[in-house]
Amino acid sequence: MPSMDEYCVQLKQAVVDYNRDQAVAIAQTIVDQGLDAQKAVFDGLIAGMQVVGKYYEDQYYFVPEMLMCAQALYSALDILKPHMPQTDLGLKGQVVMGVVQGDVHDIGKNIVKLMFEVAGFEVKDLGRDVPLDDFVREQLSSDADMVCLSAMMTTTMTGMREVIRKIKEKNPKCRIMIGGAPVTEELASKWGADGYAPDANNALREAIAMVSSLHEMYQQAQARD
């Protein structure tokens, strides 16, 4: 019988090979054997999708392959996710996220969303090709701690600057994180974003740090009152 690590390698490869049936079969075996579903997602599915993203950047894979890989990931995730423990970090942070207007590349955003949910964040996913003002409207109506913006094209990422400006004007306490292939740390700083994440792992790390600092500010303000 394969070890958990071996199952993760197989799951990762199934995603890379866009083999949906294989991914589903391995995920079901992991659940049936009572193994670690969370490890399967992070070390198998997400690890596989990170390889796929690199293949896409290198133009070894194109949009059709990306979509088939994503289908394999989501099909296996449907099986594994109900068996993942919900990690309570004591943050209870609310996050609004989406892919900016004109851009429909949402695989990275969906991976970040999954990681946030597992970490205990409450996520409002606006989806892809989101009108810029919708981010502002949703943040103001929900008073979310953070807004996460994603873009995979240089032609669409400039819309992030407008969203950041409008949200900061109305709610300077809100933390904004941006990410996506063409986005750089320099651009994030120039546009006034509070955080930048080149990948899903860094996005979660940045989010935890930002929400933790926000909550400390709230607690200090309450103590003064």
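As a reminder, the structure under discussion sits directly above these lines.
As a convention, each chain's residues are numbered from 1 in the sequence order in which they are written. Reporting in this predicted model follows two pLDDT cut-offs: at least 70 for local features of residues, and 80 or more for side-chain atom pairs to be given and counted; totals over whole chains, interfaces and linings ignore these cut-offs and use all residues. Excluded from the side-chain calculation are hydrogens and water; included are all heavy atoms of the structure.

Just to check I follow, could you spell out helix H3 (residues 37-57) for this structure?
The α-helix winds at 3.6 residues per turn, so residues separated by three or four positions along the chain end up facing the same way. The terminal C-alpha atoms of H3, which comprises 21 residues, lie 29 Å apart, in line with the 30 Å expected from a rise of 1.5 Å per residue. Taking the largest bend as the criterion, H3 deviates by roughly 25 degrees, centred on Ile46. Restricting attention to buried positions, one finds in H3 the residues Ala37, Ala40, Val41, Gly44, Leu45, Ile46, Ala47, Gly48, Met49 and Val52. At the N-terminal end of H3, a side-chain oxygen is found 3.1 Å from the backbone nitrogen of Gln38, two or three residues along, and the residue is Asp36. The first or second residue beyond H3 is Gln59, which carries a positive phi of 60 degrees. Counting from the N terminus, the helices are DSSP H or I runs at least four residues long and the strands are E runs at least two residues long. How far a helix is expected to stretch is found by multiplying one less than its residue total by 1.5 Å. Note that the bend at a residue is defined as the angle between axes fitted to the seven residues ending at it and the seven residues starting at it. Note on classification: 1.4 Å probe, protein chains only; a residue is buried when its accessible area is under 20% of the maximum for its type, exposed when over 50%, partly exposed between these limits. Side-chain atoms alone can form a polar contact between residues adjacent in sequence; in general such a contact is a pair of N or O atoms within 3.5 Å, and within protein one must be able to donate a hydrogen while the other accepts it.

How should the packing of aromatic side chains be read in this particular structure?
The geometry of an aromatic ring pair is captured by two quantities: the separation of the ring centres and the angle between the planes. Aromatic pairing here means that ring centres of Phe, Tyr or Trp (its six-membered ring) are within 6.5 Å. Orientation follows from the plane angle: under 30 degrees is stacked, over 60 is edge-to-face, and everything else is tilted. Counted according to the given criterion, the structure contains 5 aromatic pairs. Judged by centre distance (4.9 Å) and plane angle (80 degrees), the ring pair of Tyr55 and Tyr60 falls under edge-to-face. Among the residues examined, Tyr60 registers a relative accessible area of 56% and is labelled exposed. Ring pairing ties together the aromatic residues Tyr18, Tyr55, Tyr60 and Tyr61, which thus form one cluster.

Help me understand the pattern of salt bridges in this model?
If charged atoms from side chains of opposite charge come close, those side chains can pair. Salt bridge, as applied in this entry: a Lys or Arg side-chain nitrogen positioned within 4 Å of an Asp or Glu carboxyl oxygen. Throughout the structure, instances matching the rule amount to 11 salt bridges. A salt bridge links Lys113 to Asp125; its shortest N-O distance comes to 3.5 Å. Residue Lys113 is found in helix H5 (residues 107-118), and its partner Asp125 is found in strand E2 (residues 122-125); the two are separated by 12 residues along the sequence. A residue is classified by how much of its surface remains accessible, and Lys113, at 23% relative accessible area, is partly exposed.

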